[in-house]
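Okay, here's what each chain looks like letter by letter:
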Amino acid sequence: MSDVVITDETVPSFPMPRAAGCPFAPPPMLMRLHAENPVSRVRLWDGSTHWLVTRYEDQRALYGDQRLSVDTTRTGFPYLNAAFRDTASKTPPSFLNMDDPDHARIRRMVTAPFMVKRIEALRPAIQRMTDELIDTMLAGPNPVDLVEALALPLPSLVICEMLGVPYEDHDFFQSNSKVALRRDVTAEEARAASGALFGYLGDQLDKKLADPADDLLSEFAARMRGGELTRLEATMLGQLLLGAGHETSANMIALGVLAFLEHPDQLAVVRDTDDPKVLASAAEEMLRYLTVVHNGQRRLALEDLEVGGQLVRAGEGVIIPGATGNWQDDVFPAPERLDVRRDARHHMAFGFGIHQCLGQQLARLELQVVYGTLFRRIPDVRLATDIDKVPFKDDGIVYGVYELPVTW
């Protein structure tokens, strides 16, 4: 979170500094606040005051409470920065920022392709893509940047294939998605990037209307033709899936590999197993341990409600930093310890409730395949620089690394 000032603290703003030598842990100041005052009044960049809720049980309750709105066009919403505020007022609402019934109507149309059985059917294709990317790594220069060689292209290839978007356009949509996810951009830059992606997806939908195929954009086009989706809704939905489908997974892959390299005992468990249950458990634990969405889930109270003994009034915002709940020691004992055999399935890295991440099963599968393949095929892979020289993403809403030099 980049924009929050604790009203009763002397800390100037987020991002709060992370503990020395531990880039995976939540900021110590945030964890101290979690221990001492888990429902806190905070002041944002624009001077407005809202609530920061850090406790797991309170977060879980809030995720399922429909007295809270995700609609960023409502007055008083706790915006990340001025660019997000201005973009919300001048662009159509994303599926992510819709309340029911509109949210439920659209979500029903895209749930089936992301159900467990449909996603599991993609495993052979994702395994093939992963092996081909690792083949290219092994045949190329050493050291190599794992972000460019594997972490970014794999989820991009997967979401392009699902949507029916040409992978040769990946540089275009990746560069614009990165702008849209940065928290230090101007409103003009954010609108330009979003507009470019919107126009691109509109053109792709036109092509699918004329020449449909077996992909998600063709399905959206058919629903447009049938009157179930407007052109605006179909384009926004395609834009959301294209951006979210590669950015978060790419960061989880690279940052997770780094975490394993820093925990060789846990890496060995993953490298030496052929048990899919162990790999699934490892992916869940890494999702808990890293919790890469950095801006906190944001809501606006539509009615007065009580949270952790505090009264949140209608019109006040609520910010939910998932990392604190996922590092709460009475929910996940010794949370600072990466333990791939831990049962971490009840983490909230994907949120909870009706707005829980649509693509969570796809993300899980990609992590299982990558973690289970990379260390088996390159058992001596290691960091090619000092960890304090790795460039971490402290300027975006999704945490990760810009580069990850590895060698073997």
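Each value, and the rule that gives it
Residues numbered from 1 in each chain as written. Predicted model: local features only at pLDDT ≥ 70, side-chain atom pairs only at ≥ 80, totals over all residues. Heavy atoms only, no water. Helix = DSSP H or I, 4+ residues; strand = E, 2+ residues; numbered from the N terminus. Polar contact = N/O pair within 3.5 Å; in protein donor to acceptor, adjacent residues only side chain to side chain. Contact = heavy atoms within 4.5 Å. Pairing = 2+ DSSP bridges. Phe/Tyr/Trp six-rings, centres within 6.5 Å; stacked < 30°, edge-to-face > 60°. Buried < 20%, exposed > 50% of the residue type's maximum accessible area, 1.4 Å probe, protein only. Lys NZ or Arg CZ within 6 Å of the ring centre and 35° of its normal. Axes fitted to C-alpha atoms, helices over the stretch in contact; angles between N-to-C directions. Parallel < 35°, antiparallel > 145°, perpendicular 65-115°, else oblique. Left-handed = near helix turned anticlockwise from the far one by under 90°. Nonpolar A, V, L, I, M, F, W, Y, C, P; charged D, E, K, R; others polar.

## Comments concerning the side chain of His103
Then, number 1: Structurally, His103 is set in helix H4 (residues 102–111).
Then, number 2: Separated by 3.3 Å, the side chains of His103 and Asp100 make a polar contact.
Then, number 3: At 3.3 Å, the side chain of His103 and the side chain of His355 are in polar contact.
Then, number 4: When residues no more than four places from it in sequence are discounted, the contact partners of His103 are Phe95, Met98, Ile354 and His355.

## Here we look at the pairing of strand S2 (residues 39–43)
Then, number 1: As judged from the 5 bridges shared by S2 and strand S3 (residues 49–53), these two strands associate in the antiparallel manner. Across the sheet, the residue bridging to Arg43 is Thr49, located in S3.
Then, number 2: A loop of 5 residues connects S2 with S3, the two strands running antiparallel in sequence, and Gly47 in this loop sits at a positive phi of about 90°.

## A look at the packing of aromatic side chains
Then, number 1: This model, assessed by the stated rule, comprises 8 aromatic pairs.
Then, number 2: Note on Phe77 and Tyr79: the rings are 5.6 Å apart at their centroids and 50° apart in plane angle, and the pair reads as tilted.
Then, number 3: Aromatic side chains Phe392 and Tyr399 sit 6.0 Å apart centroid to centroid with 15° between the ring planes, which places their arrangement in the stacked category. Of the two residues examined, Phe392 and Tyr399, each falls in the buried class.
Then, number 4: Lying across the ring of Tyr402, Lys393 places its NZ or CZ 5.3 Å from the centre.

## Some thoughts on the packing of helix H3 (residues 82–90) against helix H10 (residues 187–210)
Then, number 1: As a packed pair, H3 and H10 sit with axes 8 Å apart at the nearest point and diverge in direction by 50°. Taken as axis vectors, H3 and H10 run oblique relative to one another. Pair H3 / H10 crosses with right-handed handedness. Contact with H3, carried on its side by Ala83, Asp86, Thr87 and Lys90, involves Ala187, Ala190 and Arg191 of H10 and no other residues of that element.
Then, number 2: Taken together, the residues of the contact of H3 with H10 break down into 3 nonpolar, 1 polar and 3 charged.

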